[in-house]
Amino acid sequence: MPVTFTFGEFLGARSVIGTTLAELGEEHPNLWVITPDIGATLVEFRDKYPDRFLDVGLAEQVSVGIAAGLAYDGNIPVVSGMLPFLSMRALEQVRSDVCYPNLPVKIIGTHGGLVGNGGSTHYAVEDLALMCALTNMTVTSIGDPLMVGEILRQSMAMQGPIYIRLAVGKKDKVLYEPGQHEIRIGKGIIARPGTDATIFTHGTVVAQALDAATELEREGFSVRVVDMFTLKPIDEELIAQCAAETGGRFVVLEDHLAYGGLASRVADVIADRGIHLSAFERLGIPQVYAGFGEDEQLRDKHGYGLSATIAATRRAIAAGD
């Protein structure tokens, strides 16, 4: 019998990556997987298609360069590793070798945000700002492990590159029932309806936003949660819709620097389209190196944990009264 998962249970996004790529390898005989020494999650593909699997060792620049070469030869390369290094150490290769020629390279990895307790060198907290700045790059940040497979499947038909950001990927909470929402790259998900305010979020803190909305419901507030899992291209129509339907009261919550990520992307849409807001609260990592600690502890320390999210949403609602 197939194993299924429902809301609130835990599943490793890494295992979803491995099984999905193994399935796609059969459907796409030109699919290659390259990793910079982070291959434990890819054993299904490696064992099934050893001739299309490359572990280059701790050399992120090399992995991206090889992926670009394979793409030039008509292949579909996936690079899987740790995002702090794929997004920064290999940034020049991503920009010049992949984005400039607009090649169909998929960059997927873990450790997006303050997860893993690895310290500031091992947190990807600038990555979304960097990737969103690159021409031709599609940028996603996934919170529900079951979404990973669908995003990978959709990406097979893309002509250009895509960046897929995950958290640690070992024990991720399933946020949505299978089939509950339509998952489409470039479109946000209304994860919870509401009329008093909207919390825009992505990745590992979607669960926190949902918890905040649940707590605020007990206080009599109706808070919408939008999982804006695609940051680029961002769903401008959904942003405008939420402004009209939730009183122009916005909170943006993200496990990333407070400037340069989703909040900045939403703010650009608001400014460009002349959308009127009553309140705009920005929750994320301030301009500090975050230090060591568990992710929930670090969010509390740096002012974007659950209690801070609840407080910011209360302020946004009050500002619109």
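Given the structure is predicted, the values throughout are model-derived calculations rather than measurements.

Analysis parameters
Residues numbered from 1 in each chain as written. Predicted model: local features only at pLDDT ≥ 70, side-chain atom pairs only at ≥ 80, totals over all residues. Heavy atoms only, no water. Helix = DSSP H or I, 4+ residues; strand = E, 2+ residues; numbered from the N terminus. Contact = heavy atoms within 4.5 Å. Buried < 20%, exposed > 50% of the residue type's maximum accessible area, 1.4 Å probe, protein only. Polar contact = N/O pair within 3.5 Å; in protein donor to acceptor, adjacent residues only side chain to side chain. Patch = residues over 30% accessible without salt bridge, like charges linked within 9 Å, V, L, I, M, F, W, Y side chains within 5 Å. Areas by Shrake-Rupley, 256 points an atom, 1.4 Å probe, with all protein chains shown as cover. Salt bridge = Lys/Arg side-chain N within 4 Å of Asp/Glu carboxyl O. Lys, Arg positive; Asp, Glu negative; His and termini not counted. Charge placed at Lys NZ, Arg CZ, Asp CG, Glu CD. Pairing = 2+ DSSP bridges. Disulfide = S-S within 2.5 Å.

Peer 1: Even after reading the chapter, I still don't get the side chain of serine 155, so can you show me in this structure?
Peer 2: Along the chain, serine 155 falls in helix α7 (residues 145–155). Apart from residues lying up to four places away in sequence, serine 155 is in contact with Lys106, Ile162 and Ile185.

Peer 1: Can you help me understand α7 in this one?
Peer 2: Three or four residues apart is the spacing at which side chains of an α-helix point the same way, because the helix has 3.6 residues per turn. Inspection of α7 places Pro145, Met147, Val148, Gly149, Ile151, Leu152 and Ser155 among the buried residues, and these make up the whole buried set. The distance from a side-chain oxygen at the start of α7 to the backbone nitrogen of leucine 146 is 2.8 Å, and the residue carrying that oxygen is aspartate 144.

Peer 1: How should a negative patch on the surface be read in this particular structure?
Peer 2: Residues Asp211, Glu294, Glu296 and Asp300 make up a contiguous surface patch of negative charge. Inspection of the secondary structure assignment puts glutamate 294 in the loop between β14 (279–285) and α11 (295–301). Glutamate 294 gets classed as partly exposed once you look at its relative accessible area, which sits at 45%.

Peer 1: Just checking my understanding: could you explain the pairing of strand β5 (residues 106–110) for this structure?
Peer 2: The two faces of a sheet get side chains in turn, since along a regular strand they alternate between them. Most of β5 is tucked away: five of the five residues are buried. With five bridges joining them, strand β4 (residues 76–82) and β5 adopt parallel strand pairing. Bridge pairing in β5 places methionine 82 opposite threonine 110.

Peer 1: Please clarify how the state of the cysteines should be interpreted in this entry.
Peer 2: By definition, a disulfide links the sulfur atoms of two cysteine residues through a covalent bond. All told, the structure shown has zero disulfides when counted by the stated rule. With no disulfide of its own, cysteine 99 has cysteine 132 as its nearest cysteine by sulfur position, at a separation of 11 Å. You can call cysteine 99 buried: its relative accessible area is 3%. Unpaired in terms of disulfides, cysteine 242 finds its nearest cysteine sulfur in cysteine 132, a separation of 19 Å.

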